[in-house]
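Take a look at the letters that make up each chain.
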Amino acid sequence: MRATRFLRAVPSSIGTQSSGLRSPPPALLPPIPLYRRLLRSHRKHLTPELRVLGDEYIKSEFRAHRDTENPVHIVGFLSEWQRYAQMIEGDSWRGEKMDKTKVDKMSDEQIAQMYELMQAIRERELAENDPEYKPHTPPTE
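Looking at an unreviewed UniProt entry, one finds the protein named Succinate dehydrogenase assembly factor 3 and attributed to Friedmanniomyces endolithicus. Turning to the protein, the UniProt annotation filed under Subcellular location (unreviewed entry) states: "Mitochondrion matrix". For the protein, the Sequence similarities (unreviewed entry) comment in UniProt is given as "Belongs to the complex I LYR family. SDHAF3 subfamily."

Shown next, in the form of structure tokens:
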């Protein structure tokens with residue numbers, strides 16, 4: 001018999017926290033399991049009013065992106081929704097401000113949607129907390 005040397009795997013610190021590198025991002029959930037996770041998170045962690053709003057938004061967004069074929073858009077879409085699910089499940093979303101870099105990347109349409117959402121939330125809070133508040137009605141001509 002011939003003598004051979006075997007190379008054996010040896011533990012290394014390359015690519016680990018101890019080497020100063022970031023940990024790999026968590027694996028992305030496929031769309032349907034992520035969709036179900038989001039709806040379950042809303043059921044468990046949100047009030048009934050917020051749940052209705054959130055569920056409708058999730059459904060419309062997943063429908064709108066159903067036929068997307070660009071892998072970069074798909075990865076971005078799934079990773080942002082997965083991050084959202086983690087925030088909802090950890091209750092770290094309450095009172096949190098949006099990251100400026102995300103706002104800078106938004107289209108004008110997305111910024112308009114965010115503004116409308118902010119106005120609706122403020123109006124609702126005023127209606128609930130201020131007994132003298134009267135909803136704004138546009139002038140009739």
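On we go.
> Residue-level account of the pattern of salt bridges, with values.
Scanning all chains against the criterion turns up five salt bridges. Among the salt bridges present, the one from Glu89 reaches Arg37, with a minimum N-O distance of 2.8 Å. Of this pair, Glu89 sits in helix α3 (residues 71–90) while Arg37 sits in helix α1 (residues 31–45), placing them 52 residues apart in sequence. Judged by its relative accessible area of 33%, Glu89 falls in the partly exposed class. With a closest N to O distance of 3.3 Å, Asp104 and Lys100 form a salt bridge. A residue pair is termed a helical-turn pair when its members lie 3 or 4 positions apart in one helix, as Asp104 and Lys100 do in helix α4 (residues 100–105) at four residues. Ionic contacts of the salt-bridge type, sharing partners, join the residues Glu80, Arg83 and Lys102 into one network.

Conventions we followed
- Residues numbered from 1 in each chain as written.
- Predicted model: local features only at pLDDT ≥ 70, side-chain atom pairs only at ≥ 80, totals over all residues.
- Heavy atoms only, no water.
- UniProt positions renumbered as here; feature names shortened; annotations may be inferred.
- Salt bridge = Lys/Arg side-chain N within 4 Å of Asp/Glu carboxyl O.
- Helix = DSSP H or I, 4+ residues; strand = E, 2+ residues; numbered from the N terminus.
- Buried < 20%, exposed > 50% of the residue type's maximum accessible area, 1.4 Å probe, protein only.

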